[in-house]
Amino acid sequence: MNSLRAYLSRYEAGELNRQEMLDTVAAWPLEEPVVDPAHTLPTHQDNTADVLAAALLNGQISEDDYQEIARRRQQT
């Protein structure tokens, strides 16, 4: 899977169990967001920390999921 956004949508749809999602997302290679001052609209990058934050805000993942992903990412 090459899109974190698509992966989280699968989790929200119930296609993945929580443990699998946590393991995968915690190990996901997040990209740095591309910032171009000439473009004020979002870049729609699929593999950034912003995608995780949006998933939390949109209810795709819970606060507990988000905290657990952050904890696991700090351990690596």
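Preceding block: the structure.
None of these values were measured; they are calculated from a predicted model. (Residues numbered from 1 in each chain as written. Predicted model: local features only at pLDDT ≥ 70, side-chain atom pairs only at ≥ 80, totals over all residues. Heavy atoms only, no water.)

## Overview of helix α3 (residues 49-57)
And step 1. All of the buried residues along α3 are Val 51, Leu 52 and Ala 55. Down the axis, α3 shows its buried residues gathered within 100° of arc, on one side only. The outward face of α3, more than 90 degrees from its buried face, is lined by the exposed residues Asp 50 and Leu 57.
And step 2. Among the structural elements, α1 (4-12), α2 (18-26) and α4 (63-75) are those in contact with the buried residues of α3. (Buried < 20%, exposed > 50% of the residue type's maximum accessible area, 1.4 Å probe, protein only. Helix = DSSP H or I, 4+ residues; strand = E, 2+ residues; numbered from the N terminus. Arc of directions from axis to C-beta. Contact = heavy atoms within 4.5 Å.)

## Some remarks on the packing of α2 against α4
And step 1. Orientation of α2 relative to α4, taken along the N-to-C sense of each, is 45°, at an axis distance of 9 Å. Taken as axis vectors, α2 and α4 run oblique relative to one another. Here the hand of the crossing between α2 and α4 comes out right-handed. Contact residues: α2 offers Arg 18, Gln 19, Met 21, Leu 22, Asp 23, Val 25 and Ala 26, while α4 offers Asp 64, Asp 65, Glu 68, Ile 69, Arg 72 and Arg 73.
And step 2. When its residues are assigned to classes, the contact of α2 with α4 shows 5 nonpolar, 1 polar and 7 charged. (Axes fitted to C-alpha atoms, helices over the stretch in contact; angles between N-to-C directions. Parallel < 35°, antiparallel > 145°, perpendicular 65-115°, else oblique. Left-handed = near helix turned anticlockwise from the far one by under 90°. Nonpolar A, V, L, I, M, F, W, Y, C, P; charged D, E, K, R; others polar.)

## Topic: the environment of Ser 62
And step 1. With respect to the element layout, Ser 62 can be found in the loop between α3 and α4.
And step 2. Ser 62 gets classed as partly exposed once you look at its relative accessible area, which sits at 32%.
And step 3. For Ser 62, the side chain forms a polar contact with the main-chain nitrogen of Asp 65, separated by 3.0 Å. (Polar contact = N/O pair within 3.5 Å; in protein donor to acceptor, adjacent residues only side chain to side chain.)

## Concerning the side chain of Thr 48
And step 1. Along the chain, Thr 48 turns up in the loop between α2 and α3.
And step 2. Here Thr 48 is in contact with Leu 4, Leu 30, Glu 31 and Pro 33, once residues within four sequence places are set aside.

## Some remarks on the nonpolar core
And step 1. Formed by 14 residues in total, the largest nonpolar core has its most connected members in Leu 4, Leu 8, Met 21, Val 25, Leu 52, Ile 61 and Ile 69.
And step 2. Here this core takes 4 residues from α1, the largest share from any one element.
And step 3. Among residues more than four places away in sequence, those in contact with Leu 52 are Leu 4, Leu 8, Val 25, Leu 30, Ile 61, Tyr 66 and Ile 69. (Core = buried A, V, L, I, M, F, W, Y, C linked by side-chain atoms within 4.5 Å.)

## Looking at the packing of aromatic side chains
And step 1. All chains considered together, the criterion is met by 1 aromatic pair.
And step 2. Geometrically, the ring pair formed by Tyr 7 and Trp 28 is tilted, given 5.6 Å between the ring centres and 50° between the ring planes. Of the two residues, Tyr 7 is situated in helix α1 and Trp 28 in the loop between α2 and α3; the sequence distance between them amounts to 21 residues. (Phe/Tyr/Trp six-rings, centres within 6.5 Å; stacked < 30°, edge-to-face > 60°.)

Function cannot be inferred from these measures alone, as they are strictly geometric.
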